[in-house]
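Next come the chains, spelled out residue by residue.
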Amino acid sequence: MSTIIIVGGGPAGLMAAEVLSQAGLEVHLYDAMPSVGRKFLLAGIGGLNLTHAEPFNDFVLRYGSRQPEIESLLHHFTPQMVRDWARDLGIETFMGSSRRVFPLEMKAAPLLRAWLRRLRSAGVTFHTRHRWCGWEANHALKFSTSDGEKSVHADAVVLALGGGSWAKLGSDGAWVSLLAEQGVVIAPLQPANCGFDILWSEYFRGRFAAQPLKSVTLSFTDTTGKSYQKLGELMITATGVEGSLIYALSAPLRDTINACGSVTVYLDLAPDKGLPRLIKELAKPRGSKSMANHLRSRIGIEGAKAGLLREYLSATEFANPELLAAAIKAVPMKLMATRPIDEAISTAGGVCFESLDAQLMLKTMSGVFCAGEMLDWEAPTGGYLLTAALASGRAAGLGALTWLQTGKNFH
């Protein structure tokens, strides 16, 4: 019987283990942490977003420049197949108002427990607290354990080591140098679905950090002249901004900063009101009311939104109805940098698909397959990350299985 080693106990690694163990192979899964699925559990704290129920042709557009590579994986493990797979584990799902798909219990732990029961019953052996350290001269895998170094041979290997965010949960990107030494082409890891730094004043930071800006439209233009505009919600932080609206545009924002050093975005704080209406309302007599009260009663802008206007407008501009209305429709914010990679929800970059064959096997290392976030792709939050991770884990598992069954004779 062939022995398979999987390194990494996240969704991609667990899915590869499922495919291979169900085929009757001896599967050993190694993970550096005391238990598997730690980042998966963290993702489920606010409600595990498994996948998304939008039409497939729209779904695949979320993967940017790597859409062709990810789409080929998703054709074999579609969002609906993710829901069917969860149901087979005893986890029913539902579609929210935004078409995001969640388990009925909204938690990751029940699904992970059911999944691990299935894997153990299929014979998967788990080795935790084993940190992968590369290869020996005889191609054995090296692991660092509490009992010292350990070498293990395998007939095939699936690497599912994650990206470079949330190192304390296991995905620290330490694998990059190990694969680079083997001639694997790796795109630099970068933050994705991340926050951005803004040079707030001390007053604004102290007064409005951790407050949301709800129902705003963010717009900007990248270095190629492409314009972006999206409605949503973001959060003011002590260092800048984060939240779903920012995450959805984090890739082009990051890339523009990389090219230009910064990017200026414009927020429409009242997207449901046109500029003429704003000017008309603000120009009405306010009597003894302060401008802040006038702004709240006439336009409905207060709190962090009003604070943001004060942050960027002089007192004279704030008192001028036309200038204030123009700022409400396009208040400028200069994003200086991404937040550190370890704070990001996910990462871009990783093993380039050009270093892999169609079965996700490394071209420079026969029998070594890669899956999950360690591959060079990114996507916004909303179930897209998890669905692609699962699909790539399944593809790598099937690739390893086919390679073994065909006598290790394809590349």
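What counts as what
- Residues numbered from 1 in each chain as written.
- Predicted model: local features only at pLDDT ≥ 70, side-chain atom pairs only at ≥ 80, totals over all residues.
- Heavy atoms only, no water.
- Buried < 20%, exposed > 50% of the residue type's maximum accessible area, 1.4 Å probe, protein only.
- Helix = DSSP H or I, 4+ residues; strand = E, 2+ residues; numbered from the N terminus.
- Arc of directions from axis to C-beta.
- Contact = heavy atoms within 4.5 Å.
- Pairing = 2+ DSSP bridges.
- Domains from an automatic or database assignment.
- Buried area = accessible area lost by both parts, 1.4 Å probe.
- Salt bridge = Lys/Arg side-chain N within 4 Å of Asp/Glu carboxyl O.
- Polar contact = N/O pair within 3.5 Å; in protein donor to acceptor, adjacent residues only side chain to side chain.
- Nonpolar A, V, L, I, M, F, W, Y, C, P; charged D, E, K, R; others polar.

Draft legend 1. Quick peek at helix α4 (residues 67–74). Three or more residues of α4 are buried, namely Ile70, Glu71, Leu73 and Leu74. Buried residues of α4, viewed axially, fall in a sector of 160 degrees; they line one side. The inward-facing, buried residues of α4 contact α3 (56–59) and α16 (384–405).

Draft legend 2. Just the sheet that holds strand β16 (residues 263–268), in detail. One open sheet accounts for 7 strands, arranged β17-β16-β13-β14-β15-β12-β18; its pairing is antiparallel. Each edge of the open sheet is held by one strand with a lone partner, namely β17 (331–335) and β18 (337–338). Across 2 bridges, the pairing between strand β14 (residues 227–236) and strand β15 (residues 240–242) is antiparallel. Looking at β15, one finds that Ile236 is bridged to Val241.

Draft legend 3. Molecular detail of the domain arrangement of the protein chain. For the protein chain, the assigned domains are domain 1 (3–191 + 347–406) and domain 2 (196–338). The C-alpha centroid of domain 2 is placed 39 Å from the C-alpha centroid of domain 1. On the side of domain 2, 5 residues touch domain 1, which itself brings 5 residues to the contact. Counting each side, the surface lost to burial between domain 1 and domain 2 is near 470 Å², with a carbon and sulfur contribution of 41%. Broken down residue by residue, the surface that domain 1 buries against domain 2 is led by Gln190, Pro191 and Glu378, which jointly contribute 67%. Between the two partners, domain 1 and domain 2, sit 1 salt bridge. Across the pair Arg254 and Glu378 runs a salt bridge, and its minimum N-O distance is 2.7 Å. If you look at where domain 1 meets domain 2, you find 3 residue pairs in polar contact (both at pLDDT 80 or more). Here the side of domain 1 that touches domain 2 is built from residues that sort into 3 nonpolar, 1 polar and 1 charged.

Draft legend 4. The arrangement of the pattern of salt bridges in detail. Enumeration according to the criterion identifies 18 salt bridges in this entry. The shortest N-O distance in the salt bridge between Arg66 and Glu354 comes to 3.0 Å. One end of the pair, Arg66, is in the loop between α3 and α4; the other, Glu354, is in the loop between β19 (346–351) and β20 (368–370), with 288 residues separating them in the sequence. With a relative accessible area of 11%, Arg66 lands in the buried category. Among the salt bridges present, the one from Glu343 reaches Arg339, with a minimum N-O distance of 3.0 Å.

Draft legend 5. Main features of the pairing of strand β13 (residues 212–221). Bridge count between β13 and β14: 8 bridges; the pairing is antiparallel. Counterpart to Phe220 in the pairing with β14 is Tyr228. Turn length for the β13-β14 hairpin, with the two strands adjacent in sequence and antiparallel, is 5 residues, and the turn residue Gly225 shows positive phi of about 90 degrees. Across 3 bridges, β13 lies against β16 in antiparallel orientation. The residue bridging Thr217 from the neighbouring strand is Asp268, located in β16.

Draft legend 6. Examining unusual backbone geometry more closely. One non-glycine residue with positive phi stands out, namely Trp166, at about 55 degrees. Topologically, Trp166 is positioned in the loop between β10 (156–159) and α7 (175–180). You can call Trp166 partly exposed: its relative accessible area is 25%. The phi torsion at Leu360 lies on the positive side, around 70 degrees, for a residue other than glycine. Structurally, the position occupied by Leu360 is in the loop between β19 and β20.

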